[in-house]
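Commentary on secondary and tertiary structure
Below, each chain spelled out in residue letters.
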Amino acid sequence: MAIIMVILLGLVGLCFITTALLRWNELKYRKKGLPPGTMGWPVFGETTEFLKLGPNFMKNQRARYGSFFKSHILGCPTVVSMDPELNRYILMSEAKGLVPGYPQSMLDILGKCNIAAVHGSTHKYMRGALLSLISPTMIRHQILPKIDEFMRFHLSDWDDQVIDIQEKTKEMAFLSALKQIAGAESTTLAKEFMPEFFKLVLGTLSLPIDLPGTNYRNGLQARKNIVGTLRKLIEERRDSQSNEQDMLGCLMSEENKYKLNDEEIIDLIITLLYSGYETVSTTSMVAVKYLRDHPRALEELRREHMEIRARKGRDEPIYWEDYKSMKFTRAVICEASRLATIVNGVLRKTTKDMEINGYVIPKGWRIYVYTREVNYDSGLFPDPLTFNPWRWMDRNLETHPYFLIFGGGTRQCPGKELGIAEISTFLHYFVTRYRWDEVGGDKLVKFPRVEAPNGFRIRVSSC
């Protein structure tokens, strides 16, 4: 009997402490003028529920509090905006007191000079340096030929194999970017660089807990190793006075009007690798899946690329004019990105107390511009859960003010065209060389990242 009483008293005490903690956290953030919402537990907030329920968490909160509500997710007090018009206003308001609000783990691991961490005149300068590397002119004359050469080699030996297309597209995105950055040295760099880079990526998506064995600690160590490798490469090129025609060579050139120090060059290179890696690899993977599930779309895509190949010799590469003619391919890429929702939203941070939508958001709070629901808006995308690339052929949806897959405002993705060119080239060689079937049993999850936890295997055969 005494044991039962002790257990009951323990449960009552636990309930009391739990209620008190939740109540204390709500009172802590109960400031006049804040939007409605809940804050969850001290320190952790509602991060567990957010990561576990994902889109359903957002829908439940919107049903209770409307499209603009407060929460505590990803380690900081946050206001979530799910209103399309308000989202557009927020993304256009950097000069009014909003700056990028990416998680601390991402800022620590990508570096203080990465383009996502800086703002104002520094952001403008770093963005200019980045755009000088990946402008349409650079893509046309320098980058596309390298992408074409890489893709032909990367896809050359897939015939009659079962491959994990998730792993293959990850390798493709990383190695293609490394070739553009480091040129001839990319082959020797790749072996030691790739595993460190994958640790870095995992670290940016973790809680900033600096303990042995955590993804955050591993990510910080991976950054340290990558920085050491890149610094050594820069010093070797400087000592040899080589003038390589790649992105690193452009950044180091005396003729470049954007004069960056070594730290800025290294952070920009890491940004180039990181920003394109997730979107290019994941979009390529889901495009392969959606095309296999929709034979009519695959047939139309293959027809477009076979017409391009018919105009060429056996080993002739694709040129800028060929890429620009890939209208249906571009539609497939946009539709795959929309339906999979590879980017759920973007974060901003207030630099002062700000009035938004009739509420006062305190200085230092994050604003999560949640754009996922727009992708399934039946008013913008009729029958939104259906994979339908043709919708992009009929209307100029890419320029719609609510369509934010590639970002918005002054932070629109500078590598958008480069990413589309890489995926288009991959699809060109994949669909003109191969046919494929899913092995079966592998599933995609779409939150918090689009991925196949156990891999995504396909059986490939030649056309």
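For the structure, check the block above.
Throughout what follows, the structure given in this document is the object of discussion. (Residues numbered from 1 in each chain as written. Predicted model: local features only at pLDDT ≥ 70, side-chain atom pairs only at ≥ 80, totals over all residues. Heavy atoms only, no water.)

1. Considering unusual backbone geometry
Backbone torsion omega between phenylalanine 447 and proline 448 reads 0°, so that peptide bond is classified as cis. As for its placement among the helices and strands, proline 448 is situated in the loop between strand S9 (434-438) and strand S10 (457-462). At aspartate 160, a position not held by glycine, the phi torsion is positive, near 60°. Within the element layout of this structure, aspartate 160 appears in the loop between helix H7 (136-154) and strand S4 (161-164). Aspartate 160 sits in the exposed class, given a relative accessible area of 68%. Here the phi dihedral of threonine 341 falls at roughly 50°; this positive angle occurs in a residue that is not glycine. Tracing the chain through its elements places threonine 341 in the loop between helix H15 (327-340) and strand S5 (345-350). (Helix = DSSP H or I, 4+ residues; strand = E, 2+ residues; numbered from the N terminus. Buried < 20%, exposed > 50% of the residue type's maximum accessible area, 1.4 Å probe, protein only.)

2. Some thoughts on the environment of valine 118
Looking at the element boundaries, valine 118 is found in the loop between helix H5 (104-110) and helix H6 (120-134). On the basis of relative accessible area, valine 118 is assigned to the buried category, the value being 11%.

3. A few points about the sheet that holds S10
Within a sheet, adjacent strands bond to each other through the backbone by hydrogen bonds, running parallel or antiparallel. Strand order in the open sheet formed by 3 strands is S4-S10-S9, with antiparallel pairing between adjacent strands. Pairing within the sheet leaves two strands with one partner each, and these edge strands are S4 and S9. On average, each strand axis in the sheet is tilted by 35° relative to the strand beside it, whichever way the strands run. Here S4 pairs with S10 via 4 bridges, running antiparallel. Looking at the pairing, isoleucine 163 lines up with isoleucine 458 of S10. Along the sheet, helix H12 (residues 262-293) makes contact with S9 and S10, crossing S9 at roughly 85°. Strand contacts of helix H17 (residues 416-433): S9 and S10, with the helix running at about 90° to S9, the strand carrying the most contacts. (Pairing = 2+ DSSP bridges. Axes fitted to C-alpha atoms, helices over the stretch in contact; angles between N-to-C directions. Contact = heavy atoms within 4.5 Å.)

4. Let's talk about the environment of serine 275
Counting through the fold element by element, serine 275 comes out in helix H12. Residue serine 275 is classed as partly exposed on the basis of its relative accessible area, which comes to 43%. Distance from serine 275 to leucine 189, taken between C-alpha atoms, is 19 Å for residues 86 residues apart in sequence. In this structure the side chain of serine 275 is engaged in a polar contact, spanning 2.7 Å, whose partner is the backbone oxygen of threonine 271. (Polar contact = N/O pair within 3.5 Å; in protein donor to acceptor, adjacent residues only side chain to side chain.)

5. Concerning the nonpolar core
Ranked by internal contacts, the top residues of the largest apolar core, which has 98 residues, are Trp158, Ile165, Phe426, Phe430, Trp436 and Ile458. When sequence neighbours within four positions are dropped, the list of residues in contact with isoleucine 165 reads Trp158, Met285, Val288, Phe426, Phe456 and Ile458. Residues Leu86, Val346, Ile356 and Trp365 belong to the second largest nonpolar core, which totals 15 residues. (Core = buried A, V, L, I, M, F, W, Y, C linked by side-chain atoms within 4.5 Å.)

6. A short note on a nonpolar patch on the surface
There is a patch of nonpolar side chains on the surface, built from Leu207, Ile209 and Leu211 and spanning about 260 Å² of accessible area. Examined against the element boundaries, leucine 207 turns out to sit in the loop between helix H9 (186-204) and helix H10 (215-240). A relative accessible area of 40% means that leucine 207 is categorised as partly exposed. (Patch = residues over 30% accessible without salt bridge, like charges linked within 9 Å, V, L, I, M, F, W, Y side chains within 5 Å. Areas by Shrake-Rupley, 256 points an atom, 1.4 Å probe, with all protein chains shown as cover. Salt bridge = Lys/Arg side-chain N within 4 Å of Asp/Glu carboxyl O.)

7. Concerning the pattern of salt bridges
Under the criterion given, the structure shown has 24 salt bridges. As a salt-bridge pair, lysine 112 and glutamate 263 come within 4.0 Å of each other at their nearest N and O atoms. With lysine 112 in the loop between H5 and H6 and glutamate 263 in helix H12, the pair connects residues that are 151 residues apart, well separated along the chain. Classification of glutamate 263 as partly exposed rests on a relative accessible area of 34%. A salt bridge links aspartate 322 to arginine 311, with the shortest nitrogen-to-oxygen separation between them at 3.5 Å. With a gap of 11 residues between them, aspartate 322 in helix H14 (residues 320-324) and arginine 311 in the loop between helix H13 (295-310) and H14 connect regions that are remote in the sequence.

8. With respect to H15
Compared with an ideal rise of 1.5 Å per residue, which puts 14 residues at 20 Å, H15 spans 20 Å between its outermost C-alpha atoms and is within 8% of the ideal. Burial analysis of H15 places 12 of its 14 residues in the buried class, the great majority of the element. Of all the residues in H15, the buried ones are Phe328, Thr329, Ala331, Val332, Ile333, Cys334, Glu335, Ala336, Ser337, Arg338, Leu339 and Ala340. On the buried face of H15, the contacting elements are H12, H13, helix H16 (391-394) and H17. (Expected span 1.5 Å × (residues − 1).)

9. Focus on the sheet that holds S5
Within the open sheet, the 5 strands sit side by side as S1-S2-S8-S5-S3. Their pairing is mixed. Each of the sheet's edge strands pairs with one partner strand only, and the pair in question is strand S1 (68-73) and strand S3 (98-100). When the angles between neighbouring strand axes are averaged without regard to direction, this sheet yields 35°. Of the strands in this sheet, S1, strand S2 (76-81) and strand S8 (366-370) touch helix H3 (residues 55-65), which is tilted by about 135° from S1. Across the sheet, helix H4 (residues 84-91) lies against S1, S2, S3, S5 and S8, angled at about 130° from S8, the strand it touches most.

10. Quick notes on the pairing of S2
The element S2 is largely enclosed, with a buried count of 6 among its 6 residues. Here S1 folds back onto S2 in antiparallel fashion, the turn holding 2 residues, of which leucine 74 has a positive phi close to 55°. Sheet analysis places S2 next to S8, joined by 4 bridges and oriented parallel. The residue of S8 that forms the bridge with valine 80 is tyrosine 368.

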